[in-house]
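Structure assessment
What follows is each chain in one-letter form.
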Amino acid sequence: MEGEMLKGHLDMIVLAALSAAGSAHGYAIIEEIKRRSGGAFDLPEGTIYPALHRLEQAGLLASRWMTADSGRRRRVYTLTRTGNRALVERRAVWKQFSDAIGGLLGGTRPRENPA
Amino acid sequence: MIPDYLDRLARELDFDRSLSRRVRQEVEDHLWEAVAADSTGDMLQAQQRAIARFGDARVIAAQFAVVCLANYTRRAGVAAVLVIAAVFMAMKARIAWYAAMQWAISDDMKAVSGLVVQIDRYASGCRLSSDSAVGPTSAAAGFRPRSIRHIAGSFAASFCCVPQRRRRLSFRSSAMGCSRHCSCWERNCLRNLWSRSSRWRSRSHVPGFSFFTYAASRCGRHPRRPC
C-alpha cells in the first residue's frame, strides 16, 4: 500500500496496534502493525516515532523508560483513557467512511446511519 | 554504521536537545533490535537494511519538527498571554495605588490633561497597531530557510534547516515586540498619570520612569551582531 495513503491514517493505525498489543515499544508496535495488516503497511519504520511523539503530546499515549533484556534503555508506550476514547471515535468514523466508499465502488447502498 | 546514522539523526534534531537525546536512545534500541532480528547473519548488511527500512534521518527530523513547532507556538502563545496579563495587572495595581494615595486633579490642569490624554490615546493606538504588524513579520523573517529546495518538501523540513542564529533572531524579534508593547503601555499609563497629577513630587518622577522603560525597550531592539 502506498505511503501517502497511509500517512493520513497513521495515528489511528498506531492507536489500534497499541490497543491490541497493550504496552509496547516502537519496534514492537511496527511489528504488530505489519503482523495485523498481513505486511500490507510498509511505511519507513522511522515514521512511527514522530507519530508516537505527537500522540503522546496530545495525551493519547503515555510512555516510560524501561531497561530491556539486552541492557539497552527503551521507551514503552501505553494507550491512555483519552487514547482509548479517541480510538473508539476514529473506528466509528472509519466504519462510516469505509461503508460509504464500499457503497460507491461496489455499487451497493451504504447502510443507513442509525444516528 | 548505526552510530553514524544516530549521530546524523541527533544533529538533525539539534533544535531540541532533550528530544534529540530521547529519540537517539529510542532509535538506537530500534535499530539494534532490527539487526538482531535479521536472519542473514551478515552484521554489516543487517545494519544497512535496518537503516534503510528506518528511513532518511532528515525526513524523520522534519516530522519531529512539525510536532515541536506546534508545541513551541502553543507555549509562546501562553507565555505572551501571561506577560500581557501581568503587565495589565501591574498597571491596574499601580493605578489603584496612585488612587489610594489620593491624588487629585487640579482645576487648572484639567483642560490640558484632557487634551494630552486624547493625543496620547491615539498615538498609543497607532504604535500598538504598527508594532503588532512589524513584530510577527520580523519573527517570520527569522524562519527563512537556508535553501529554497527545502520549502518544496514541507514547512517542517524548512524549519529543520533554520540555523540557530535565525531562531535567535526570531526570538529577539518576538521579545522586541513584547518589550515595545510594554513600553508603550507603560508610557501611556505614566503620561496619563502625569497629566492628572498635581503634586510636584510625583510628577517629577514620571519622565524618569518613562525614559527608563523606553531605554530598556531600545536595548531589546538591537541585536548584538547582525544575522
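Please refer to the structure higher up on the page.
Residues numbered from 1 in each chain as written. Chains lettered and ligands numbered in written order. Predicted model: local features only at pLDDT ≥ 70, side-chain atom pairs only at ≥ 80, totals over all residues. Heavy atoms only, no water.

**Comments concerning the interface of chain A and chain B**
Every contact between the two is made by 21 residues of chain A and, on the other side, 19 residues of chain B. At the boundary of chain A with chain B, total buried surface from both sides reaches about 2000 Å², with 54% on carbon and sulfur atoms. Considering only the side of chain A, the residues that lose the most area to chain B are A:Tyr27, A:Tyr49 and A:His53, jointly responsible for 30% of the buried surface there. If you look at where chain A meets chain B, you find 5 salt bridges. A salt bridge links B:Glu33 to A:Arg74, with the nearest nitrogen and oxygen atoms 2.7 Å apart. Connecting chain A to chain B are 13 residue pairs in polar contact (both at pLDDT 80 or more). Counting residues per element, the ones that place at least two in the side of chain A that touches chain B are helix 3 (26-36), helix 4 (48-57), strand 2 (61-67) and strand 3 (73-79) of chain A. A per-element tally of the side of chain A that touches chain B places helix 4 of chain A first, with 6 residues. (Contact = heavy atoms within 4.5 Å. Buried area = accessible area lost by both parts, 1.4 Å probe. Salt bridge = Lys/Arg side-chain N within 4 Å of Asp/Glu carboxyl O. Polar contact = N/O pair within 3.5 Å; in protein donor to acceptor, adjacent residues only side chain to side chain. Helix = DSSP H or I, 4+ residues; strand = E, 2+ residues; numbered from the N terminus.)

**What to know about the pattern of salt bridges**
A full pass over the atoms with the stated rule returns 16 salt bridges over all chains. A salt bridge links B:Arg17 to B:Asp14; the shortest N-O distance between them is 2.8 Å.

**Side note on the side chain of A:Ser63**
Position of A:Ser63 relative to the elements: it lies in strand 2. There is a polar contact of 2.6 Å between the side chain of A:Ser63 and the side chain of A:Glu56. Within the structure, the side chain of A:Ser63 is placed 2.8 Å from the side chain of A:Arg75, a separation counted as a polar contact. If near-sequence neighbours (up to four positions away) are discounted, A:Ser63 is found in contact with A:Glu56, A:Arg75, A:Val76, A:Tyr77 and B:Arg22.

**Things to note about the packing of helix 1 (residues 2-12) of chain B against helix 2 (residues 17-37) of chain B**
All names here are of chain B. Where helix 1 contacts helix 2, the two axes come as close as 10 Å, and the packing angle between them is 155 degrees. For the element pair helix 1 / helix 2, the angle class is roughly antiparallel. The interaxial crossing formed by helix 1 with helix 2 has right-handed handedness. Along its contact with helix 1, which presents Ile 2, Pro 3, Tyr 5, Leu 6, Asp 7, Leu 9 and Ala 10, the element helix 2 presents Ser 20, Val 23, Arg 24, Val 27, Glu 28, Leu 31, Trp 32 and Val 35. (Axes fitted to C-alpha atoms, helices over the stretch in contact; angles between N-to-C directions. Parallel < 35°, antiparallel > 145°, perpendicular 65-115°, else oblique. Left-handed = near helix turned anticlockwise from the far one by under 90°.)

**Overview of the packing of aromatic side chains**
Describing an aromatic ring pair means giving the distance of the ring centres and the angle of the ring planes. Using the criterion set out here, one finds 3 aromatic pairs over all chains in the structure. Centroid distance A:Tyr49 to B:Phe54: 5.7 Å. Interplanar angle 35 degrees. Geometry classified as tilted. Of the two residues, A:Tyr49 sits in helix 4 while B:Phe54 sits in helix 3 (residues 43-54), which places them in two different chains. Both residues of the pair, A:Tyr49 and B:Phe54, count as buried. Taking 5.6 Å as the distance between ring centres and 40 degrees as the angle between the ring planes, the aromatic pair formed by A:Trp94 and A:Phe97 counts as tilted. You can see A:Trp94 and its partner A:Phe97 sitting in helix 5 (residues 81-106), 3 residues apart, about one turn around the helix. (Phe/Tyr/Trp six-rings, centres within 6.5 Å; stacked < 30°, edge-to-face > 60°. Buried < 20%, exposed > 50% of the residue type's maximum accessible area, 1.4 Å probe, protein only.)

**Some points on the nonpolar core**
Ranked by size, the top nonpolar core spans 46 residues in total, and within it A:Ile29 and B:Leu31 carry the most contacts. Here A:Ile29 is in contact with A:Ala17, A:Leu18, A:Ala24, A:Ile48, A:Leu52 and A:Tyr77, once residues within four sequence places are set aside. (Core = buried A, V, L, I, M, F, W, Y, C linked by side-chain atoms within 4.5 Å.)

Coordinates in, geometry out; function isn't part of it.
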